[in-house]
Amino acid sequence: MGATFSEKVLARNAGRARVQPGEVFDITPDVVLSHDNSAAIQRIFGQLTQARVRFPERLAITLDHAVPPPTPQHARNHAKIRRFVAEQGIPHFFEMGRGICHQVHCEEGVVGPGMILLGADSHSPHCGWLGAFGAGVGRSEIAALWATGELWLRVPETLRITLSGRLAPGVMSKDLALQLIARLGADGANYMAVEFDGPGVATLSPDMRAALVNMMAEMGAKNAFIAPDEVTWRWLEAQLRRNREDDWQERLAFFRDQALLPDLNAPCAGQLDVALDEIEAIVSCPHRVDNAQPVTALAGTRVDLAFIGTCTNGRLEDLAAAAEIVRGRRLRARLLVIPASSQVLADALDAGHLADLIEAGASIGTPGCGPCMGVHAGVLAPGEVCISSANRNFRGRMGQRDAEIYLANPAVVAASAVAGEIVHPANLLAEA
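Residues numbered from 1 in each chain as written. Predicted model: local features only at pLDDT ≥ 70, side-chain atom pairs only at ≥ 80, totals over all residues. Heavy atoms only, no water.

Overview of the overall build of the protein
Right, on to step 1. Helix and strand content of the protein: 15 helices and 18 strands.
Right, on to step 2. Expected size for 432 residues packed as a compact globule is a radius of gyration near 22 Å; at 21 Å, the protein falls within 12% of this value.
Right, on to step 3. Each principal axis of the C-alpha distribution contributes one length, and for the protein these read about 60 × 55 × 40 Å.
Right, on to step 4. The 432 residues of the protein split such that 59% are buried.
Right, on to step 5. Counting 39 positive and 48 negative side-chain charges, the protein places the averaged centre of each group 5 Å from the other. (Helix = DSSP H or I, 4+ residues; strand = E, 2+ residues; numbered from the N terminus. Rg over C-alpha atoms; globule rule 2.2 N^0.38 Å. Buried < 20%, exposed > 50% of the residue type's maximum accessible area, 1.4 Å probe, protein only. Lys, Arg positive; Asp, Glu negative; His and termini not counted. Charge placed at Lys NZ, Arg CZ, Asp CG, Glu CD.)

Structure representation (structure tokens):
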């Protein structure tokens, strides 16, 4: 009997020949992720008997949630984190402006195929698009990982989603993710491993794969996974050459050695077949991610702010799609664009996407999370309506309970900013 990816990678880490869904045992993750919340984790860590982090080389800390710091308290937290990083000798530290942890750790080769990442952020499954095991845990668990390097984990059941066909023009993997969540529910994959396979995977670009896997956190998934293929390896080699000049070949060889593939005959708790050519552009309506409707059903809904960014949809293809929509047009709604990383920012600048966005009237923010969690620049006023490329739209998510958040792909967001109301990009382009 075969094994799923999650079963294989957890068994290898625990030194066991095989594990079964539902089993609980200790693992030693390769990467332990935290961000601005590292200051809060330090307070918990300080209550433990250990004065030193056991495996400082495994920690990856990024300042990304409130950058630059919007309040004195945020600035104090950042200063505290910097001192901790220096005192503990933590090599993987990324300063404000480098970008969102999930994007940056993939770009920098901190995480890759066959590795296990546990993070103090609910979107830690993100790295699964590279063929890694990523899962979110609480702050107390991260403090324990700092101290001991180990944590118990329950082996998740697996939901296999087989993709066929190809997405239509103007449709993005964000639409696929929203449709899956609407179909199965916000808890449809609760504590499950979601594995994507099938010929349709090969038609998805790296940016689309990252968005798809990232959004599985909104379906309750413990982790999500796409097996590394030639698309993955080309992306990884390019990133390692760019960001790790001295040891890129060694790191790439390490990833190839660590990569694991699920067995075709591995039993799963669920199986779903999805034809990509049947996916249409849809919008998630307030105040639940699984409350989704086609864009056409919401046409004419007022928009005050359009937001493109976050760990879900702040990558180069997302900015390119938005720039194509707004080029030569003026905005009727505010448009805030925040690249997921400084690398995305630089590439978008070189490609001319930022010029198109700025000329249309968009505001560009420092690479980071921005208003996604409602504590930083771009929060909403009472009664305002936002259409966002982010991952969550529950009440108060962007800092204001008396506001409405719609979720959509970046092209729909950009088109809605131009129109001042929710609109299908095809309708806008047809008017040109």
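Thoughts on empty space enclosed by the protein
Right, on to step 1. Within the structure shown, the criterion is met by 4 cavities of 30 Å³ or more.
Right, on to step 2. One number sums up the size of the largest cavity: a volume of about 50 Å³.
Right, on to step 3. Taken together, Gln 103, Cys 106, His 126, Trp 129, Pro 206, Asp 207, Ala 210, Trp 235 and Arg 315 form the lining of the largest cavity.
Right, on to step 4. Of all the secondary-structure elements, those providing two or more residues to the lining of the largest cavity are helix H4 (101-107) and helix H7 (206-215).
Right, on to step 5. Considering every element that reaches the lining of the largest cavity, the biggest residue donor is H7, with 3 residues.
Right, on to step 6. Looking at the lining of the largest cavity, its residues break down into 5 nonpolar, 2 polar and 2 charged. (1 Å grid on protein atoms, 1.4 Å probe; cavity = no way out; pocket = protein on both sides within 12 Å on 5 of 7 lines; lining within 4 Å. Points joined across faces, edges and corners; volume = space filled by probe spheres on them. Nonpolar A, V, L, I, M, F, W, Y, C, P; charged D, E, K, R; others polar.)

Looking at the environment of Met 172
Right, on to step 1. You can see Met 172 is positioned in the loop between strand E8 (157-164) and helix H6 (173-184).
Right, on to step 2. With relative accessibility at 9%, the residue Met 172 sits in the buried group.
Right, on to step 3. Along the backbone, Met 172 and Met 208 are 36 residues apart, and their C-alpha atoms lie at a distance of 6.9 Å.
Right, on to step 4. Once residues lying within four places of it in the same chain are set aside, the contact partners of Met 172 are Leu 167, Met 208, Asp 318, Asn 409, Pro 410 and Ala 411. (Contact = heavy atoms within 4.5 Å.)

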